[in-house]
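# Tertiary structure, described
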Amino acid sequence: MSEVQVREAHLDEAHLILDRCDELRAISSDPEKLVRVHLSPEHTAANALVAEWMRDAGLSTWQDAAGNQCGRIEGREPGLPALLLGSHIDTVPDAGRYDGMLGVLLAISVAKRLSGADLPFALEVVAFSDEEGTRFGTALLGSRALAGTWHDDWWNLTDENGITLFEAFQDFGLDPARLPSAFRRPDQLVGYLEAHIEQGPTLDDAARSLAVVTSIAGARRFELTMIGKAGHAGGTPFDRRKDALVAASEVIITVERLSRELGVIGTVGKVEVLPGGVNVIPGEVQFSLDLRAEFDEDRDEAVRRILASAESVAARRGLHFEHSEIYRADAVVCDVDLRAAVEEGIRSTGDDDPMAFWSRAGHDGMAVVAVAPIAMLFLRCKGGVSHHPDESVRVGDVAVALDAFEATVRGLAATAS
Ligand SMILES: [Zn+2]
């Protein structure tokens, strides 16, 4: 084939991938928008469709004990440890169609291109059942099952209808007692590679297609409460007020100021004001804090300073401040060798100086790293928009990502041989 024919063939493959993202987009519990949560009837349908595409690509398929859809092609001899490629298939409410799904489809296409290649490892593709945590509030349930870091107290988590995770497993046709069989031992895996849209504007701003991920952000989340005293908005002079919302507002402004100063990302995304009357001084405010950083030390320093500042705001205003930590995940550094392979993969597509930066968002690799080294490839998404129906990618970027992803795997195979 001429160079032009090759390019056109690659664009056809990229178009197929985007068409399949559209097909998955249609599998939603809400006809108006994309919502596909863990262990739902839509999850069953999406797994079935993905399994069909996996078989078309030459993979043997199974659904594991955690509802992850898996596929495998053997290497040069049967039973070799596997290089795992994948992403997730669940969504946030009113999601875009590429977050997660695109990584699964790229992985399937890479496996198809490499079926019949003389690889020193098996290739497996996984569509993780739950990364977002939309249904049960706890994220990475699929990848944590695979990595053997499951907590049995999660069985009692409930969704918005009061259905426990345990019951949802049974409704989906899974036996909770078999969950440990989803665990993959470290000696069964040579590594995990994931392609994902960037979910930020760095690539788009730089007019570049691909980047290699250096690390995945460490995050901590808190529930904060400022407790003052409710009172009549007309009858209470300012010097006698204990306005919890004004105090919380000071803290929220501090979160932004300190985050900028320390180079971390701090967000207050949820605020509840009690009792919540137009003519009542706010007596209590519950608000959230989400902090992410490339390095855990910076994140922890920000936490210390924000909490100290909140205490002093409360003391100055005669209020009471409380906090509780509800989530903590340490930063995960991508494996040096896998990262170098991804970089080489990007170089092979004509980008001599691949961009490299850390992921502000969490990913399945944070769980998989417990059993295998991980690395990630980022693709440009329009304006950095994600977790929104406007999520958009270019077909040319998908084509070049597919080439880079394939070259990464071939590179790893060459060094392992
Ligand atoms: Zn994702």
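As a reminder, the structure under discussion sits directly above these lines.
Remember, it's a predicted structure, so these values are computed and weren't measured experimentally.

Right, let's talk about the overall build of the protein chain for a bit. Counting its secondary structure elements, the protein chain contains eleven helices and 16 strands. By the compact-globule yardstick of 22 Å for 417 residues, the protein chain fits well, its C-alpha radius of gyration being 23 Å. Reported as C-alpha extents along the three principal axes, the dimensions of the protein chain are approximately 80 × 50 × 40 Å. Within the span of the protein chain, comprising 417 residues, buried residues form 52% of the whole. When contacts within the protein chain are restricted to residue pairs at least 6 apart in sequence, those whose partners lie at least 24 apart make up 77%.

Where helix H1 (residues 3-25) contacts helix H3 (residues 101-114), the axes come no closer than 10 Å and their chain directions differ by 140°. With respect to H3, the axis of H1 lies oblique. Pair H1 / H3 crosses with right-handed handedness. Contact residues: H1 offers His10, Glu13, Ile17, Arg20, Cys21 and Leu24, while H3 offers Met101, Leu102, Leu105, Leu106, Ser109 and Arg113.

With eight of ten residues buried, strand S12 (residues 284-293) lies mostly within the body of the structure. Pairing of strand S7 (residues 218-227) with S12 involves ten bridges; the strand directions are antiparallel. Bridge pairing in S12 places alanine 219 opposite arginine 292. Strand direction decides the pairing type here: strand S9 (residues 265-267) and S12, joined by three bridges, are antiparallel. Looking across to S12, one finds that glycine 266 is bridged to leucine 291. Bridge analysis of strand S10 (residues 271-274) against S12 gives four bridges, and the strand direction is antiparallel. Its bridge partner lying in S12, glutamate 272 is registered against glutamine 286.

Conventions and cut-offs
- Residues numbered from 1 in each chain as written.
- Predicted model: local features only at pLDDT ≥ 70, side-chain atom pairs only at ≥ 80, totals over all residues.
- Heavy atoms only, no water.
- Helix = DSSP H or I, 4+ residues; strand = E, 2+ residues; numbered from the N terminus.
- Rg over C-alpha atoms; globule rule 2.2 N^0.38 Å.
- Buried < 20%, exposed > 50% of the residue type's maximum accessible area, 1.4 Å probe, protein only.
- Contact = heavy atoms within 4.5 Å.
- Axes fitted to C-alpha atoms, helices over the stretch in contact; angles between N-to-C directions.
- Parallel < 35°, antiparallel > 145°, perpendicular 65-115°, else oblique.
- Left-handed = near helix turned anticlockwise from the far one by under 90°.
- Pairing = 2+ DSSP bridges.

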